[in-house]
2 protein chains.
Amino acid sequence: MRVAILAHEKFPDRAKTALGVLRYADHDVVAVLDRANDGRRVADLVPDVQDAPIVSGMADLEPDAVDTLLIGIAPIGGGFDESWREDVRTALEYGCDVISGLHYFLADDEEFARLAADNDCEIRDVRNPPADLTVADGVADQVDAEVILTVGTDCSVGKMTTTMELARDARAAGHDAAVIPTGQTGIMIEGWGTPIDRVVSDFAAGAVEELILEKGDDHDYLFVEGQGSIVHPAYSAVTLGILHGSMADTLVLCHNAGQDAVHGYESVALPSMQTYIDLYESIAAPVADSRVVAGALNTASLESDERAREAVDEYADALDRPATDVIRFGTDELLEVLC
Amino acid sequence: MRVAILAHEKFPDRAKTALGVLRYADHDVVAVLDRANDGRRVADLVPDVQDAPIVSGMADLEPDAVDTLLIGIAPIGGGFDESWREDVRTALEYGCDVISGLHYFLADDEEFARLAADNDCEIRDVRNPPADLTVADGVADQVDAEVILTVGTDCSVGKMTTTMELARDARAAGHDAAVIPTGQTGIMIEGWGTPIDRVVSDFAAGAVEELILEKGDDHDYLFVEGQGSIVHPAYSAVTLGILHGSMADTLVLCHNAGQDAVHGYESVALPSMQTYIDLYESIAAPVADSRVVAGALNTASLESDERAREAVDEYADALDRPATDVIRFGTDELLEVLC
C-alpha cells in the first residue's frame, strides 16, 4: 500500500499518528504532506523512521504514485481543518482511498462521500466504533495471556510508541506477543482494534474487554495501548475505562521528561510519580491487581544522550522501578521485568 | 401530562426510573404497567410516592385516558425487551407519545417509527445525547454556584434520589438550587440534561462541564446527579468523567445498607468507606479540590426505623462525616453541612 500522510504544520512533533505509521506500519510511505516543511525530507527531521519526501499537498504527487491518503494528525477535539479539504478532494479525484482517525467522519461529509462514490474510493473512518458493543462483564482477567497496559501522566507521552516497541522487541526475543490497539494510530498500524475514546462511556470498559477476549487465549503477552491519563481534565474517562476493562496484570507508566503540567490545561500540575503509581494501582485494585512495574520516559526534548540517561535514572528513582526511553535506549530494561 | 409507566416484573425494587418519576416528576401517573403486580396499587408496594393503579398492559387502559407511555425500567445494557413490544405498539396506536431512556433507540425501530408517524406521536429517546458535544476545557470551577455531586459505592445506591431530595429541600429552605441531570431518570424528571453514559468517552467530562456552565451562574447551588462508581468494572468511565467534568466542590457518598459487593459482579467486593473517600478525593485532586463532606445511606432493606438509625450511625462513623437516609429521615443533617 503506497501511502501519503497528511501532517500540515504539525510534523513531526505534534503528528503522532504520522510518526507512528512511519515507524511501525507495513506501508510504503511515498510522501508526507506538510506545507510548513515543503521540500525537506522526513529523515531531515526524524532520524530513526522510514524516510520519505515532504511536499506541500496532494497536487504535488502524480495520480498514479499513491493509493491512499492517511490523515496523520489529530487535533484536540478531533475536528476537520478546512485547509485540508483540497488535499482530500485531490486524493479522491486521484482514486485514492482515505483513512482518517478524526472524530469528524469524512464519510459523512457530503462532498467527500460524492467524490468517493464517483471515483470508486473507500473512506475509512477508523474512529467509528462497531455498533454492537456492550457493557463489560469484568472477565478480562480470565484470558491466558499476561496483559500489559501502558498508562501515562498525560496524553502524548509515548503510550502507543512504548506499546509498539515492547511488542516488536518481545516478538524479536521469541515471545508470542500481540498488540491491542485502542486508538486511531494503533488501529491504523495494526489494521484492527476499537477507538475507545469514541465508544459511549457506558461501553468503554466493555469494548476493551472484548478486544482482550478476542486475542487473550492466542498469545502469551498482550500489549494494550493506553490512552490519556487518570487525572486528565477531559480524557480521564477513557483512561479508566481501559484500566478497568483490560484488568491489566502490569502497567508501564509513560511520561515526557521535564513536563510538569497537563498539555493544554497548564493550570493542572502533574502530581508526583509516586502519586500516579498510587492512583493507578488503588483505583484498579477493587477490580484487578494491576501493578506499575516499570516506566517509559520520552526524552526527545533532551539533546544529549548523557542528559537523557540522567533523566531516565531520575525517573527510575522517582518510580522506584526500572525505566528507560524505549526509542533512545531500547526496551531491554523493561522486557526483563515484563516477559 | 397523563403518563403510564412501564415497569414489568421489576416494580418497585428494580424500577428506579419508574420510582423516580412517581416521586419527583410533575406528571399525573394514570397507571404502572407490571404484569407481575396486576390489580394491586403503587401505594400497596411503595408508601411514600404518588399512588396509581397497576395494570398488566397498555390494553387495560382506555385510549383517551393517557397521553404518554414512559419506559420506567433500565435493564443492564439498556436493551429493549421484546415482551414490551405489544405495550409500545398499543401506546402508539392510542396516539400516545413514548419516552424511553434505553440505549436501544425506539425511534430507530422500524415498526415504532412507522406507528409514530401514522398516529402523529413523538418518540423521545432521552438517552440520545446532543450531536455537538466536545472535550472539556477544565473550567467548570469558574461558575458562581457551589457544585455538589452525589457519588456512590455502586450503581443504584441512591445518587439520583439523594440529588432530588437535597435540591427540593434546599429550595424549600429558601436556597436557590438547581439539579444537573446526567441520566435518563433525572432527565425524565427535570425535562433537560445529558445522558453522560451515552456520550462518547472523550466527551464525557466535556458534556458535564457544558451542563454546569449552562446553569452555574444562575443559582447558588447545583446538585449534580452522579452515575456508577469509581471502581465499577463496567461503568467507572462514566463516573470519572462526571467527577472531573463537574469539578465539584463537595461530594456526598451514597451507599446501600449492608451491600458488600458490586451488584451483578459479585466477585468484586466493595472496598472500605475510607477507601472510597480516599479514591474519590485523590483522583479528583489534580483537577479539583473535591471533598466528601457527607453520606447518604439507603436503608430500604431494613424494616425497623431503629435498625435503620443504627445503620446510619454506623455509616456516619465509617465515613467520619454526617450521614442520613434522605428518604427515611429527611435531609436536615446533610443540608446543614452542604448549604
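Predicted model only: the values in this text are computed from it and were never measured.

Draft legend 1. Here's a closer look at the environment of G226(A). Residues and elements named next belong to chain A. Within the secondary structure layout, G226 lies in the loop between β9 (221–224) and α8 (236–246). With 67 residues separating them along the chain, G226 and K159 place their C-alpha atoms 5.9 Å apart. Sequence-distant contacts of G226, defined by excluding residues within four places in its chain, comprise L149, T150, K159, T182 and I242.

Draft legend 2. Looking closely at the pairing of strand β4 (residues 68–71) of chain A. All names here are of chain A. Judged by which residues are buried, β4 turns out to be covered on both faces: T68 and L70 on one side and L69 and I71 on the other are all buried. Pairing analysis gives 4 bridges linking strand β1 (residues 2–6) to β4, with the strands arranged parallel. Each bridged residue has a counterpart across the sheet, and for V3 the counterpart in β4 is T68. Pairing between β4 and strand β5 (residues 97–100): 3 bridges, direction parallel. Counted as the bridge partner of L69 is V98 from β5. Between the parallel elements β4 and β5, the chain passes through helix α3 (residues 85–93) in a crossover that is right-handed.

Draft legend 3. A look at the state of the cysteines. Under the defined criterion, the tally for this structure stands at 0 disulfides over all chains. Free of any disulfide, C96(A) has its nearest cysteine sulfur in C121(A), 7.0 Å distant. We note that C339(B) lacks a disulfide partner, and the nearest cysteine sulfur, in C254(B), lies 15 Å from it.

Draft legend 4. Seen up close, the pairing of strand β2 (residues 28–33) of chain B. Residues and elements named next belong to chain B. With 5 of 6 residues buried, β2 lies mostly within the body of the structure. Summarising the sheet, strand β1 (residues 2–6) and β2 pair through 5 bridges and their orientation is parallel. By the bridge assignment for β2, V3 is matched with V29. The parallel pair β1 and β2 is bridged by helix α1 (residues 16–24), and the resulting crossover is right-handed. Of the strand pairs in this sheet, β2 and strand β3 (residues 54–55) are connected by 2 bridges, and their pairing is parallel. Bridged to L33 within β3 is V55.

Draft legend 5. Structural view of the packing of helix α7 (residues 204–215) of chain A against α8(A). All names here are of chain A. Packing of α7 against α8 leaves a shortest axis separation of 7 Å and a crossing angle of 45°. When the axes of α7 and α8 are compared, the pair comes out oblique. In terms of crossing hand, the pair formed by α7 and α8 is right-handed. Side by side, α7 and α8 meet where A204, A205, V208, E209 and I212 of the first sit next to G241, I242, G245 and S246 of the second. For the contact of α7 with α8, the per-class residue count stands at 5 nonpolar, 3 polar and 1 charged.

Draft legend 6. Structural view of the UniProt feature "domain: D-glutamate N-acetyltransferase-like C-terminal" (unreviewed entry) in chain A. According to UniProt, the feature "domain: D-glutamate N-acetyltransferase-like C-terminal" (unreviewed entry) maps to residues 135–335 of chain A in the numbering used here. Regarding residues 135–335 of chain A, the helix share stands at 37% and the strand share at 19%, and the terminal C-alpha atoms are separated by 33 Å.

Draft legend 7. Spatial organisation of unusual backbone geometry. Residue and element names in this part refer to chain A. Of the consecutive residues F11 and P12, the connecting peptide bond is found in the cis state with omega at 0°. Residue position: P12 is located in the loop between β1 and α1 (16–24). Look at D120: it is not a glycine, yet its phi comes out positive at around 60°. Here D120 lies in the loop between α4 (110–118) and β6 (123–125). Here S156, not a glycine, exhibits a phi torsion of approximately 55°, which is positive. Structurally, the position occupied by S156 is in the loop between β7 (146–152) and α5 (159–172).

Draft legend 8. How the structure looks around the interface of chain A and chain B. The partner chain B presents 39 residues to the 39 residues of chain A that form the contact. Roughly 3100 Å² of surface becomes buried between chain A and chain B when both sides are summed, with 64% attributable to carbon and sulfur atoms. On the chain A side of the interface with chain B, the three residues burying the most area are S201(A), D202(A) and P286(A), jointly 19% of the side's total. Notably, a salt bridge pairs D202(A) with R127(B), separated by 3.8 Å at the nearest N-O pair. At the junction of chain A and chain B, the tally comes to 14 residue pairs in polar contact (both at pLDDT 80 or more). Where the side of chain A that touches chain B is concerned, the elements lending two or more residues are α7, α8, β12 (265–269) and α9 (273–284) of chain A. In terms of residues, the side of chain A that touches chain B owes the most to one element, α8(A), which gives 6 residues. Across the side of chain A that touches chain B, the residue classes tally to 25 nonpolar, 9 polar and 5 charged.

Draft legend 9. Molecular detail of the relation of the copies chain A and chain B. Between chain A and chain B, the superposition needs a rotation of 180° and an axial shift of 0.0 Å, giving an RMSD of 0.0 Å. Here the transformation between the copies is reduced to the relation of a two-fold axis. The share of interface residues of chain A whose copies in chain B are also at the interface is 100%, consistent with both copies meeting through the same surface.

Draft legend 10. Main features of the sheet that holds strand β14 (residues 323–324) of chain B. Residues and elements named next belong to chain B. The strand order β8-β9-β7-β10-β13-β14 describes an open sheet built from 6 strands, whose pairing is parallel. Unpaired on one side and paired on the other, β8 (177–180) and β14 mark the two borders of the sheet. Relative to strand β10 (residues 250–256), strand β7 (residues 146–152) runs parallel, the two sharing 5 bridges. Its bridge partner lying in β10, L149 is registered against L251. Contacts between helix α5 (residues 159–172) and the sheet are confined to β7, β8, β9 (221–224), β10 and β13 (291–298), with β8 contributing the most and set at about 160° to the helix. Together, β7, β9 and β10 form the strand contacts of helix α8 (residues 236–246), whose direction differs from that of β7 by roughly 165°.

What counts, and where the lines are drawn
- Residue indices follow the written sequence of each chain, beginning from 1 at its first position.
- Chains carry letters from A onward and ligands carry numbers from 1 onward, assigned in written order.
- Predicted model: local features are reported for residues with pLDDT of at least 70 only, side-chain atom pairs are reported and counted for 80 or more only, and whole-chain, interface and lining totals are derived from all residues.
- Excluding hydrogens and water, the side-chain values take into account all heavy atoms of the structure.
- Comment: elements are numbered from the N terminus, with helices defined as DSSP H or I runs of at least four residues and strands as E runs of at least two.
- Any two residues whose heavy atoms approach within 4.5 Å at even a single point are treated as in contact.
- Buried, partly exposed and exposed residues are distinguished by accessible area as a fraction of the type maximum, computed with a 1.4 Å probe on protein chains only: under 20%, between the cut-offs, and over 50%, respectively.
- Paired strands, as defined in this entry, are two strands with at least two bridges between them according to DSSP.
- Here a crossover is taken to be right-handed if, once the strands point away from the viewer, the path from the first strand over the helix to the second is traced clockwise.
- Cysteine sulfur atoms that pair up within 2.5 Å are treated as a disulfide.
- Here an axis means a line fitted to C-alpha atoms, over the contact stretch when the element is a helix, while the angle between two N-to-C directions is reported on a 0 to 180 degree scale.
- We call two directions roughly parallel when the angle between them is under 35 degrees, roughly antiparallel when it is over 145, roughly perpendicular when it lies between 65 and 115, and oblique otherwise.
- Take the far helix as your reference; a near helix turned counterclockwise from it by less than a right angle gives a left-handed crossing, and one turned clockwise gives a right-handed crossing.
- Amino acids are sorted into nonpolar (Ala, Val, Leu, Ile, Met, Phe, Trp, Tyr, Cys and Pro), charged (Asp, Glu, Lys and Arg) and polar (every other residue, Gly among them).
- UniProt positions are given in the numbering used here, feature names are shortened, and annotations may be inferred rather than shown by experiment.
- The term buried area refers to how much accessible surface (probe radius 1.4 Å) is lost by two components on association, counted for both of them together.
- Criterion for a salt bridge: a side-chain nitrogen of Lys or Arg within 4 Å of a carboxyl oxygen of Asp or Glu.
- Distance and chemistry together define a polar contact, namely a pair of N or O atoms within 3.5 Å, with one atom able to donate a hydrogen and the other to accept it when in protein, and with adjacent residues in sequence counting only for side-chain atoms on both sides.
- Here the copies were fitted onto each other by least squares, based on C-alpha atoms from residues at pLDDT of at least 70 in both.

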